[in-house]
Amino acid sequence: MKSIPHHIFSKKIILALFTLLMFQINFAQSKVKQIDNLLNKYTEYGKFNGSVLVSDHGKVIYKKGFGMANMEWDIPNQPNTKHRLGSITKQFTAMLILQLVADGKLDLQAPITTYLPDYPKATGDKITTHHLLTHTSGIPNYTSFPGFMQDESRNPSSPSAFVKKFDSKDLDFSPGEKFSYSNSGYFLLGVIAEKLSGKTYEEMLHDAIFTPLNMNDTGYDNHPDILKNRATGYEKNGNSYVNSRYLDMSIPYAAGSMYSTVEDLYLWDQALYTNKLLPQKYMDMYFKPYVPAFGNAHYAYGWGVGKEAIGKSTDSIYTIGHGGGINGFNTNISRAPSDKSLVVLLNNTGGAPLNAITDAIRSIMHGKEYNFPKQSTANAVFAAIQDKGIDAGITYYKTIKDSENFDLNEREMNAMGYQLMQADKPDDAAKVFKLIVDEFPESSNAYDSYGEALMALGKNDLAIINYKKSVELNPNNQGGIDFLKKLGVDVSQYEKDVVVADSILESYVGKFEIAPSFIIAIRKDGSQLKAQATNQPEFDIFPKSETVFYLKVVDAQITFNKNDAGNVDSVTLLQGGREITGKRIEE
């Protein structure tokens, strides 16, 4: 057999390597083009306005700005635009805490009164910094307090003074018992860090993280500071935008006060693969999955960690990430250690579907099928109403509501109706709310909104019918009950407590599989029935009748179904206009 001359063999290897290299380059270029097309479409549909960075195997493959950083001056978003981060701040707070642990200044398992002697001992002696880091402390979340946004969020406060807003409140549960997201816990972590370091939280961030990593476009967002390339925060108002409500940044503090750029967050991501900030022992603690949290994710220290499906495939990838939301901004950072990839999305119009965008980008990177954005039915209809009037708008709605190219969202439709109400067009608003009632006949909120418009038109008889329907669907709709009172209706039937026999309540205890990996567990505590869905907090449920129970925290109800033998064998969950029945799997 003749041997191949060495020079010919070498040329073949070089040709093969060149061909492989060109394939990889073309594939990478194809991915970048798909990502660009995806984000352009989201921007075109008014669903994204901000800055993006994507890296693969540690290298930036895409970074770009979309829409306006400042709409008044037509200043576009860029990769170096500074956005408020909201709760992405928490991962930086957690890093500062672990640095104190590594320095021997803090014990994660010690009661927080060890470091905050003025904190009420009745609760503080039971709570550790580990509880604060993992949202398992039971401290009520201050941003959920009634009237917080209206009464508290605009007023500056020192950290020590603001702690008094929540430190004496009863715990929602015993520390360590469950996961319940609490900004209060991360606020306290900032106070502890200041106490132990002798520096302000802002100084700690700069000295321990930003300066070592050359994150020169990242900081604590003080209102008086003049920041070059700062994005303005906006909120959707129908098809247009308004400036977001003012928020004094001393209030989010260590739970959400930072700003940054996608480029600086890439520096942060890369540093987390090293030991520049922490020895490996503590880096492992930083990312360890401690408690079940959102969906399939567990909560580590300032991060959600777990496997995520890639697009429409059955494949999954382990990610480390967190989202953020603060007046006028929403943000997301998603890291995948297996391929050292990163997706950072910083949006300055609030409410963008960043999880869906992140999922689509990851699908593109892995060559999987993904969901392309759809146009908002509400936005398209509102534009038609503004252009040609309400009747033309409704006609257009009927032609597109079932289209695969449009997304029909109850919340967006409802917001459009209220925008018409605010424009002093209650007749137009009533017609829109009627569309929502027809499309979402099991939504308490749909009937409530329709009732309000009818009442504004003086059609009280019809308003009463719709308010009654709303309250029947959600007995906790106190606003609906109050309007019925105002309309002269006897509401005593709605204010009576339904009493269900103890033996019947006992028969409902068990677990019900609503969907794969989504189970609702029912338990009885005294005469109170409680429900807990997979990776969700536990809530009290209240009887509308002997078999139908409702939640006060959300517009949802649970019906217990009996088989022919009279035994409870399933439940039906009604939420957001959808009914899902789940079989009993355990008593």
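Residues numbered from 1 in each chain as written. Predicted model: local features only at pLDDT ≥ 70, side-chain atom pairs only at ≥ 80, totals over all residues. Heavy atoms only, no water.

Trainee: Residues and numbers for the environment of Ile320, please.
Mentor: Structurally, Ile320 is set in strand S13 (residues 316-326). A sequence separation of 236 residues divides Ile320 from Ala556, and the C-alpha atoms of the two residues are 31 Å apart. Ile320 has contacts with Phe287, Trp303, Gly304, Val305, Ile333, Ser334, Arg335 and Pro337, leaving out every residue within four places of it along the chain. (Helix = DSSP H or I, 4+ residues; strand = E, 2+ residues; numbered from the N terminus. Contact = heavy atoms within 4.5 Å.)

Trainee: Describe empty space enclosed by the protein, naming the residues involved and giving the relevant values.
Mentor: To find leftover empty space, a probe the size of one water molecule is rolled over the atoms. Here the structure, examined in full by the defined rule, presents one cavity of 30 Å³ or more. By volume, the largest cavity amounts to about 40 Å³. Around the largest cavity, the lining residues are Glu308, Ala309, Ile310, Thr358, Asp359 and Arg362. Per-element tally for the lining of the largest cavity: the top contributor is helix H11 (residues 354-365), with three residues. By residue class, the composition of the lining of the largest cavity is two nonpolar, one polar and three charged. (1 Å grid on protein atoms, 1.4 Å probe; cavity = no way out; pocket = protein on both sides within 12 Å on 5 of 7 lines; lining within 4 Å. Points joined across faces, edges and corners; volume = space filled by probe spheres on them. Nonpolar A, V, L, I, M, F, W, Y, C, P; charged D, E, K, R; others polar.)

Trainee: Give a description of the packing of aromatic side chains that names residues and reports values.
Mentor: As enumerated under the stated definition, the model contains 25 aromatic pairs in all. The interplanar angle of 65° and the centroid separation of 6.2 Å between the aromatic rings of Phe92 and Phe210 together place this pair among those described as edge-to-face. On the criterion of sequence distance, the pair formed by Phe92 in helix H2 (residues 89-102) and Phe210 in helix H8 (residues 201-210) is long-range, its members being 118 residues apart. Since its relative accessible area comes to 1%, Phe210 is described here as buried. Relative to Tyr550, the ring of Phe542 lies with its centre 5.9 Å away and its plane at 40°, an arrangement referred to as tilted. With relative accessibility at 10%, the residue Tyr550 sits in the buried group. An aromatic cluster of three or more residues is present, and its members are Tyr142, Phe162, Phe166, Phe187, Tyr201, Tyr220 and Tyr253. In this structure, Lys169 packs its charged tip against the face of Phe145, placed 4.8 Å from the ring centre. Against the face of Tyr273 rests Arg335, its NZ or CZ located 4.6 Å from the ring centre. (Phe/Tyr/Trp six-rings, centres within 6.5 Å; stacked < 30°, edge-to-face > 60°. Buried < 20%, exposed > 50% of the residue type's maximum accessible area, 1.4 Å probe, protein only. Lys NZ or Arg CZ within 6 Å of the ring centre and 35° of its normal.)

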